[in-house]
Each structure stands twice: as C-alpha cells, then as structure tokens.
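A closer look at the structure
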Amino acid sequence: MSTAIAIDWSGIDRQLRSNLKPAAAKQLFQQLLGLVPTTCVFKNGQLEPRLNKYIPVGKIPSLKEFYPKQKSFLMLGCMDAYYGGAAGGGKSYALLGSAAQFLDVPGYNALVMRKSFSELSLPGALMDVANDWWAGMPGVHRRDGGRQYLFQTAGKPSSVTFGYLENTDDRLRYKSAAFHSINVDEVTHFSESDFTFMFSRLRDPPVGVPLRMRSGSNPDGPGRLWVKHRYVDPTTRDADKVFIPA
C-alpha cells in the first residue's frame, strides 16, 4: 500500500536560503523540484496535483474539490496504480480527473474504460460525469453521443475517448490506437489478460506527459483475486505497483 509522503517544501526552501547564497539556493531548489513527477505542481509552498482548465474544480456543484486521497492518486508519477475500496470513495472522479490531467497538452489522448458500454452510459456513470464536467464548456467538442470529447489546445486537439472491452475480440478495436493515459473503472470485472493487453496501447507520449495506467474498483467482482495479487497483497505486489485505498 502506498500513501503520500508530506514534504515541507517551504521548509526546504528556507533551509537552503539560510545556508547558501541566494543564487545557489534557488538553483538547488529548482533541481530538487525537477525530481518531482510532472503530475504535480508546486503551489503555495506545497505540491498539488497538476490540473488545467478542463478539470472544473470549484466551478460545478459536483466537483467542489478533490479530497486528499484523490489528490494522492492524481499526483502519482508511476505507470501503474490502483484506487480501490468501498463505494463512495470518489474513485470515478479520480479516474476522470486522471484522464483529464494533461488535456491542455497538444495531441494528448486518454481512454476511459468499463467492461461494457452499457455500464459506461448508466446514470451517474463516467460518461454522465463527463457530460456534467464538459457540457457547454468553451473549447470542448462532444462527439458520437458523448463517446469522445475533443479539447482545444495551443496545437493539435487533445481527447478523451470512452471505450469498453467486453470480450477478447474487442481488443481489435484498440489494435492501432495510441493512448497516453488509460483509466479503467471497475477493473475487477476485467480478466487479467485483457487488462494487461491494454498496456500495449500506451505509447508515443507528448513531451512531458507520463504514460499512465490507472484503475479503480469496489472490492468485489470476478477478477478481485488477481487485482488483490497485483496491487494489494504486499507479499505478491511488485514495488512499482501502487495502491491507494479509497
């Protein structure tokens, strides 16, 4: 299990300034910040998730703020992370926030998945949340009944696509696709082989954009054992797999 480490960046800055000449302190502090994942920004003396104008925090009633565990999830710089736990932990909002995190970058493409399209389009499900976030927002173009959104950037549009993988044959729909962020809701409803196949669709990121696989689920579903083995159980989980308990 991984938890966010609280670092007193303002304190580090003060210590450097008190022990080094101003120019050297500034240079060293910037070098330290260079080690921080691009999913984070330094703001008001602390690290916060990297956000942009297409993540409407505080602008719509349903997204007044991200909570600490959602922020921890959004700030992760690793490729593979899982946000799991009981219903009501904010997993869907965290996954959509992750998909949207680099929408200001030209050519960025994100995929949001569930096992079936009918699950994606249920009231309150991810496509419904996306419509709540982006309907009528300047610079956003809704396509194919909400199955895809295009976003205006300084160059090539970015995108969020909603997809599914109900059976192994559905892998063909992603055969030639290239995504930079794949976000799988209710991952315990997927087979392990279908889930790991989607890693092959993570490729060719724009400069400064990390390739990321993010998933979330309640602690049930037919795939709960492989998900527990991959992310939760410390005796079987690889060190590069991160688990955020919802």
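Shown above is the structure to which this text applies.
Below you will find a few notes about this structure. Values in this document were obtained by computation on a predicted structure and should not be read as measured data.

**What to know about the packing of aromatic side chains**
Applying the stated criterion across every chain, the model contains 14 aromatic pairs. Taking the centre distance of 6.0 Å and the plane angle of 50 degrees together, the rings of Phe-102 and Tyr-108 count as tilted. The same class applies to Phe-102 and to Tyr-108, which are both buried. Centroid distance Trp-133 to Trp-134: 6.0 Å. Interplanar angle 85 degrees. Geometry classified as edge-to-face. Looking at Trp-134, the relative accessible area reads 1%, which means it is buried. Three or more aromatic residues link up through ring pairs in this structure, and these residues are Tyr-54, Tyr-93, Trp-133, Trp-134, Tyr-149, Phe-151 and Phe-162. For Lys-115, the ring lying beneath its charged end belongs to Phe-190, and the centroid distance is 5.7 Å. Sitting above the plane of the Phe-117 ring, Arg-147 keeps its charged end 3.9 Å from the centroid.

**Brief notes about the layout of surface pockets**
As a volume, the second largest pocket reaches approximately 230 Å³. Along the walls of the second largest pocket sit Val-41, Lys-43, Asn-44, Gln-46, Glu-48, Pro-49, Leu-51, Val-57, Glu-65, Phe-66 and Lys-71, which together make up its complete lining. Only strand 1 (40-43) and strand 2 (46-49) provide two or more residues apiece to the lining of the second largest pocket. The element that contributes the greatest number of residues to the lining of the second largest pocket is strand 2, accounting for three residues.

**Quick look at the packing of helix 3 (residues 68-75) against helix 4 (residues 91-100)**
For the pair helix 3 and helix 4, interaxial distance at closest approach is 10 Å and the crossing angle is 30 degrees. By the angle class used here, helix 3 and helix 4 are roughly parallel. Taken as a pair, helix 3 and helix 4 cross one another with a handedness that is right-handed. Contacts between helix 3 and helix 4 involve Gln-70, Phe-73 and Leu-74 from the former and Tyr-93, Ala-94, Leu-95, Gly-97 and Ser-98 from the latter. A class-by-class count of the residues in the contact of helix 3 with helix 4 yields five nonpolar, three polar and no charged.

**Examining the side chain of Lys-241**
Along the polypeptide, Lys-241 turns up in strand 10 (residues 241-245). When near neighbours in sequence (up to four residues on either side) are disregarded, Lys-241 contacts Asp-80, Arg-230 and Tyr-231.

**Overview of the environment of Gly-223**
With respect to the secondary-structure elements, Gly-223 resides in the loop between strand 9 (212-217) and helix 8 (224-232). Put simply, Gly-223 and Phe-73 are 150 residues apart on the chain and 22 Å apart in space, counted from C-alpha to C-alpha. With near-sequence residues (within four places) excluded, Gly-223 lies in contact with Thr-188 and Phe-190.

**Concerning the packing of helix 4 against helix 6 (residues 126-134)**
With their axes 10 Å apart at the nearest point, helix 4 and helix 6 run at an angle of 60 degrees to one another. One element, helix 4, and the other, helix 6, form an angle in the oblique class. Where helix 4 crosses over helix 6, the two elements pack in a sense that is right-handed. Between helix 4 and helix 6, the contacting residues are Ser-92, Tyr-93, Leu-96, Gly-97 and Ala-100 on the first element and Leu-126, Val-129, Ala-130, Trp-133 and Trp-134 on the second. When its residues are assigned to classes, the contact of helix 4 with helix 6 shows eight nonpolar, two polar and no charged.

**With respect to helix 3**
The set of residues buried in helix 3 consists of Gln-70, Ser-72, Phe-73 and Leu-74. Of the surrounding secondary structure, the elements contacted by the buried residues of helix 3 are strand 2, strand 3 (80-84), helix 4, strand 9 and strand 10.

Criteria and cut-off values
Residues numbered from 1 in each chain as written. Predicted model: local features only at pLDDT ≥ 70, side-chain atom pairs only at ≥ 80, totals over all residues. Heavy atoms only, no water. Phe/Tyr/Trp six-rings, centres within 6.5 Å; stacked < 30°, edge-to-face > 60°. Buried < 20%, exposed > 50% of the residue type's maximum accessible area, 1.4 Å probe, protein only. Lys NZ or Arg CZ within 6 Å of the ring centre and 35° of its normal. 1 Å grid on protein atoms, 1.4 Å probe; cavity = no way out; pocket = protein on both sides within 12 Å on 5 of 7 lines; lining within 4 Å. Points joined across faces, edges and corners; volume = space filled by probe spheres on them. Helix = DSSP H or I, 4+ residues; strand = E, 2+ residues; numbered from the N terminus. Axes fitted to C-alpha atoms, helices over the stretch in contact; angles between N-to-C directions. Parallel < 35°, antiparallel > 145°, perpendicular 65-115°, else oblique. Left-handed = near helix turned anticlockwise from the far one by under 90°. Contact = heavy atoms within 4.5 Å. Nonpolar A, V, L, I, M, F, W, Y, C, P; charged D, E, K, R; others polar.

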